[in-house]
Amino acid sequence: MIRTFSLHSAAALALATALLSAPATAQDAPIPAEDRGDGTITTSQDIVVLGSVGYRNRSDEAEPVLSYDSEFFQRFEPLTAGDALKRVPSVTFLSDVIESDGARLRGLPPGYTQILINGERVPGNGDDRSFFLDRIPAELIDRVEIVRSSSARRTGDAVAGTINIELRDAYELDGGYVRAGGLYYDDKELEPSLGAVYGGAVGPGRLLVGLNFQGRHNPKKKFSLRYGDSPENNPDYAVDDFDNREDQTDTRDGKDYSANATYEIKGETTDFRIGGFYVRTDRTETERSFEFNDPTAISGPLPTGALVSDNSNINNIDQENYSLDARVQHRWSLGETTLRIGYARFDDKQRESENEIGFDVDYDDGEVPEFEQAFTATDLTDKEFTAKLDHEFELGKDIQLVIGGYYQDKKRKHSTLAFEGEDELPGLQTSYDRSADNPDDFALPFDDLDPEDPVRIRIKERRLDGFALVQGKSGGLTWEAGVRYETTKLDVADYSDSTDILAQSKDYEKFLPSASIKFDLTARDRITASVARTNRRPEFNYVTPATLTEEIGDNDLRGNPQLDPETSWGADLGYERRIGRSGVIGINAFYRDVTDLIELTNTGDEGDGGEGTIVYQPQNIGDGKVWGVEFDLSTDLGFLGLPDTGIFGNISWLDSEVTDPLGKRRFNGQSDYVYNVGFIQDLPKWGVAFGATHRKQGAAFDRVIGEEITTTYGGDLEIFVEKRFGKSFTIRAVGSNLLNGAKREAFNKFDDAADQLVREFDEYELESEKAGPVFQLMARYAF
């Protein structure tokens, strides 16, 4: 690992040195004030038939922002926003292979990254307040912005930074186009992909409408080896006490339906915009697992065979997510006033059934195979109403004062109903054929199942913020400084027991100052610097007043509604250089000092399982530090006489330190590096383009009470070939996951924190999953 890492570092350094020393060329045209986002209308032909290679844009705002237009991603045909973000710096994922859901900016858990759609927050299903980016089809995206620091004009929930996804709007498209194609998977499954977008003048304004349908499929194979308990003081667990092996197929099938629309009117003094998007996901996750008592055997059930259990797990998921947003801007003698009103809602309905036949019984004692059944119904609704009012005053030449307020009313309801049942299946050990039989065939009638204790939680969160900032420009210096005052009132109620409702409230407030500068050393060189205080609010499952039994192994978890948010002081320092007309090379160093980290502690109370079990509770007891260096490059090779050859690459070195009740570690799930390199070659004479990209992220380590996980990923290779026909039609062939992506995990499992400290293992598990390549053929036609 060290040698490979050093080679990539040396290569990046050599390339950076060559580019920084490259002479100016005829392509060194004057640098525009802003690369994108100025309201310039693009024709549908320009979107369908790309006339050049897309590069990272250079923002002139004071904040450190990396901006990527859809042209930067489109040729590799990403399916979702998460897929697109695999090509930008410092974004990692701990998803299953060929999936990209919870973005981990700078390697930190998803809850530390603020996700915005059109500059506004959107609710998600994650207890950590995260939003899964695989819910947004890539076809809706106009551009993606990576905001490395924070500003008083936005909410401060951005310890790691902010990812802002701007959807296409009415003043950035004239005309329409349709997209049609399919994806072919290595299990011979074919899924469709269809879409259409239109933008044009309607009445006094402009309208944009987009529709998208996407078939989703992810077939994976998993393999696990488990080993039994170990003696005390064994830091390096020896795999010499084999317990069982599990072979699993895991297939995710689904359909995504999405739509977005905006209508805008631009007047002499007043601008109006109303827009929204809708995404629906119908998904079925099907797992079939066979457990054996031999590392290699595949024979039938006991007593003569090696099959210990057969498990079928099916989860039907129905999710709806929509957002409505209206904005009015008015320019008058005292400046510019902006009012923005938004409403967003997320609904998640899941119905999961699990049926298992256990053959590991004592047949000599007259025992017979056992059947166990579980059914769980989970419903989640998250609604947010937001209002934002701000006003910008001119204080002098190129200096403005911005003041404003923000209100949010969030309501979240969560309920879980679980049922269990069991039965005996005499004689099955001699007649069961795992290739033909299925545990679902033995499912009990629903009336025969026993209900478990229900979980019903309601959360209300009301926020009222005020902010003020001063911004300006002077020569080559662009700057901004401000402060945001955030107040939060949280009400949590547990209705699980209608005769004993548990309810608590919590109020807190935070001052969040921030400042950023951007200084142009020359027409091509600039430095950026920023400092900001941010926060991260507690996870929803941590603030419930209820005690959840056997939530942490055999131990219980008691919520703590009195938790305070984690806070962080952070700094970024960067340098970037314009290369030629459109290329950029940059390097950035960052640091975060996080206080009031939320960690699980032992309450000293006995758990519901009786003697030997514990009740854990989250508390603000930890501190942490995060730091790293980020390098990115995006340019054509015009300075070498190759203007139609584009290269891009980024590499991030990530590190951190947390002190928790078990000692020191990194932030959970933080990879130690992530890189992406690639090229695009355009052949204008033949109307052809082709390219490739390779991505890899380093190992990640997670530690919570009772469990430790080390995760590694293989590399990912994508290749595309494109043919353009005239000015209106393009067809692309794309191959992704060409290296048969693999994810490997090593689990250290313990009964409790005391055993974890002395390294007395309860179980050690090695798990790997693998998926094959995906091929897609996509055509676009502009009209």
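As the structure is a prediction and not an experimental result, all values here were calculated from the model.

### Observations concerning the overall build of the chain
Line of reasoning, step 1. Of regular secondary structure, the chain possesses six helices and 38 strands.
Line of reasoning, step 2. On C-alpha atoms alone, the chain measures out to a radius of gyration of 28 Å, which is about the 28 Å that the 2.2 N^0.38 rule sets for 783 residues.
Line of reasoning, step 3. With respect to the three principal axes, the spread of C-alpha positions in the chain is 90 × 60 × 55 Å.
Line of reasoning, step 4. Here the chain, with 783 residues, has 55% of them falling under the buried criterion.
Line of reasoning, step 5. The contacts in the chain between residues at least 6 apart in sequence include a share of 71% that link residues at least 24 apart.
Line of reasoning, step 6. Looking at the chain as shown, the accessible area adds up to about 32400 Å², and 54% of this sits on carbon and sulfur atoms.
Line of reasoning, step 7. Averaging the coordinates of the 86 positive side-chain charges in the chain and doing the same for the 142 negative ones gives two points 11 Å apart.

### What to know about the nonpolar core
Line of reasoning, step 1. Membership of the largest hydrophobic core comes to 47 residues, with the highest contact counts inside it found for L85, L133, I146, I163, I165 and F667.
Line of reasoning, step 2. Setting aside chain neighbours within four positions, we find I165 in contact with A81, L116, I117, N118, L133, I141 and R143.
Line of reasoning, step 3. Counting residues in hydrophobic clusters, the runner-up holds 17 residues, among them Y542, V543, L563 and Y616.

### Here we look at a nonpolar patch on the surface
Line of reasoning, step 1. A surface patch of nonpolar side chains, about 720 Å² in accessible area, is lined by F272, I274, V328, L339, I341, F385, L389, Y407 and L464.
Line of reasoning, step 2. Of all the secondary-structure elements, those providing two or more residues to the nonpolar patch are β13 (270–292), β15 (335–358) and β16 (370–396).
Line of reasoning, step 3. With respect to the helices and strands, the residue L389 is situated in strand β16.
Line of reasoning, step 4. Given a relative accessible area of 46%, L389 falls into the partly exposed group.

### Section: unusual backbone geometry
Line of reasoning, step 1. Of note, R106 is a non-glycine position whose phi angle comes to about 60 degrees, a positive value.
Line of reasoning, step 2. Mapped onto the secondary structure, R106 falls in the loop between β4 (104–105) and β5 (113–117).
Line of reasoning, step 3. Of note in the backbone geometry, D398 takes a positive phi value of approximately 60 degrees without being a glycine.
Line of reasoning, step 4. The residue D398 is located in the loop between β16 and β17 (399–424) in this model.

### Here's the deal with the environment of Y363
Line of reasoning, step 1. If you trace the backbone, Y363 turns up in the loop between β15 and β16.
Line of reasoning, step 2. Residue class for Y363 comes out buried when judged on its relative accessible area of 16%.
Line of reasoning, step 3. A C-alpha to C-alpha distance of 12 Å links Y363 and T430, two positions 67 residues apart in sequence.
Line of reasoning, step 4. With residues near it in sequence (within four places) discarded, Y363 still touches L302, P303, P369 and Q429.
Line of reasoning, step 5. Polar contacts involving the side chain of Y363 include one to the main-chain carbonyl oxygen of F359, which spans 2.8 Å.

### Considerations on the pattern of salt bridges
Line of reasoning, step 1. As enumerated under the stated definition, the model contains 83 salt bridges in all.
Line of reasoning, step 2. Residue R56 pairs with E576 through a salt bridge whose shortest N-O separation is 3.1 Å. A residue pair is termed long-range when its members are at least 10 positions apart, and R56 in strand β1 (residues 56–58) and E576 in strand β25 (residues 566–579) qualify at 520 residues.
Line of reasoning, step 3. Given the relative accessible area of 2%, R56 is considered buried.
Line of reasoning, step 4. Look at E576 and you get buried, because its relative accessible area is 11%.
Line of reasoning, step 5. When salt bridges that share partners are traced, they join D96, E99, K220, K222, D250, R252, R283, E285, K743, E745 and E769 into one network.

### Structural notes on the side chain of N560
Line of reasoning, step 1. Counting through the fold element by element, N560 comes out in the loop between β24 (555–558) and β25.
Line of reasoning, step 2. Exposure remark for N560: the relative accessible area of 9% places this residue in the buried category.
Line of reasoning, step 3. Leaving out residues up to four positions away in the same chain, N560 has contacts with Y542, V543, T544, Q617, P618 and Q619.

### Regarding the sheet that holds strand β8 (residues 161–167)
Line of reasoning, step 1. The sheet built from six strands is open, its strands ordered β1-β2-β7-β8-β5-β6 with mixed pairing. Each end of this open sheet is capped by a strand with a single partner; those strands are β1 and β6 (120–121).
Line of reasoning, step 2. Of the pairings in the sheet, the one linking β5 to β6 comprises two bridges and is antiparallel in character. What sits directly across from I117, in β6, is E120.

### Observations regarding the side chain of T645
Line of reasoning, step 1. Positionally, T645 belongs in strand β28 (residues 642–660).
Line of reasoning, step 2. In this structure the side chain of T645 is engaged in a polar contact, spanning 2.5 Å, whose partner is the side chain of Q681.

### Brief notes about the pairing of strand β32 (residues 700–704)
Line of reasoning, step 1. As paired elements, β32 and strand β33 (residues 707–713) share five bridges and run antiparallel to each other. Counterpart to D702 in the pairing with β33 is I709.
Line of reasoning, step 2. The hairpin formed by β32 and β33 contains two residues between the paired strands, and G706 there has a positive phi angle of roughly 95 degrees.

### Description of the pairing of strand β36 (residues 742–749)
Line of reasoning, step 1. The buried fraction of β36 amounts to six of the eight residues, a majority that puts the element mostly inside the structure.
Line of reasoning, step 2. With seven bridges joining them, β33 and β36 adopt antiparallel strand pairing. Directly across from E708, in β36, lies its bridge partner N748.
Line of reasoning, step 3. Here eight bridges tie β36 to strand β37 (residues 763–770), and the two strands are oriented antiparallel to one another. Each residue of the ladder has a partner; that of R744, found in β37, is S768.

### Examining a positive patch on the surface
Line of reasoning, step 1. On the surface, K411, K413, R458 and K460 cluster together to form a positively charged patch.
Line of reasoning, step 2. Breaking the positive patch down by element, the ones donating at least two residues are β17 and β19 (455–474).
Line of reasoning, step 3. With respect to the element layout, K460 can be found in strand β19.

### Overview of the packing of aromatic side chains
Line of reasoning, step 1. The full count for this structure, using the stated rule, is 20 aromatic pairs.
Line of reasoning, step 2. Pairing Y68 with F72 gives two aromatic rings, centres 4.8 Å apart and planes at 50 degrees, and the pair type is tilted. F72 shares its class with Y68; the two are buried.
Line of reasoning, step 3. Summarising the aromatic geometry, the rings of Y485 and F511 are spaced 4.6 Å apart at their centres and angled 35 degrees between planes, so their arrangement reads as tilted. Of the two residues, Y485 sits in strand β20 (residues 477–494) while F511 sits in strand β21 (residues 502–520), which places them 26 residues apart along the sequence.
Line of reasoning, step 4. By way of ring pairs, the aromatic residues Y68, F72, F73, F76, F648 and F720 are connected into one cluster.
Line of reasoning, step 5. Residue placement shows R106 over the ring face of F590; its charged tip is 4.1 Å from the ring centre.
Line of reasoning, step 6. When the ring centre of F725 is taken as reference, the NZ or CZ atom of K723 above it lies at 4.6 Å.

### Points about the confidence of the model for the chain
Interpreting fine coordinate detail is not advised for predicted regions of low pLDDT.
Line of reasoning, step 1. The predicted model of the chain averages 88 in pLDDT, with 92% of residues at 70 or higher.
Line of reasoning, step 2. In this model, residues 23–37 is a region of pLDDT below 50 whose contacts with residues beyond four sequence positions or in other chains number 32 contacts.

### Some details on the environment of G405
Line of reasoning, step 1. Summarising the element assignment, G405 is placed in strand β17.
Line of reasoning, step 2. Overall, G405 belongs to the partly exposed group, its relative accessible area being 25%.
Line of reasoning, step 3. Separated by 53 residues in sequence, G405 and R458 place their C-alpha atoms 27 Å apart.

About the criteria used
- Residues numbered from 1 in each chain as written.
- Predicted model: local features only at pLDDT ≥ 70, side-chain atom pairs only at ≥ 80, totals over all residues.
- Heavy atoms only, no water.
- Helix = DSSP H or I, 4+ residues; strand = E, 2+ residues; numbered from the N terminus.
- Rg over C-alpha atoms; globule rule 2.2 N^0.38 Å.
- Buried < 20%, exposed > 50% of the residue type's maximum accessible area, 1.4 Å probe, protein only.
- Contact = heavy atoms within 4.5 Å.
- Areas by Shrake-Rupley, 256 points an atom, 1.4 Å probe, with all protein chains shown as cover.
- Lys, Arg positive; Asp, Glu negative; His and termini not counted.
- Charge placed at Lys NZ, Arg CZ, Asp CG, Glu CD.
- Core = buried A, V, L, I, M, F, W, Y, C linked by side-chain atoms within 4.5 Å.
- Patch = residues over 30% accessible without salt bridge, like charges linked within 9 Å, V, L, I, M, F, W, Y side chains within 5 Å.
- Salt bridge = Lys/Arg side-chain N within 4 Å of Asp/Glu carboxyl O.
- Polar contact = N/O pair within 3.5 Å; in protein donor to acceptor, adjacent residues only side chain to side chain.
- Pairing = 2+ DSSP bridges.
- Phe/Tyr/Trp six-rings, centres within 6.5 Å; stacked < 30°, edge-to-face > 60°.
- Lys NZ or Arg CZ within 6 Å of the ring centre and 35° of its normal.
- pLDDT = per-residue confidence, 0-100.

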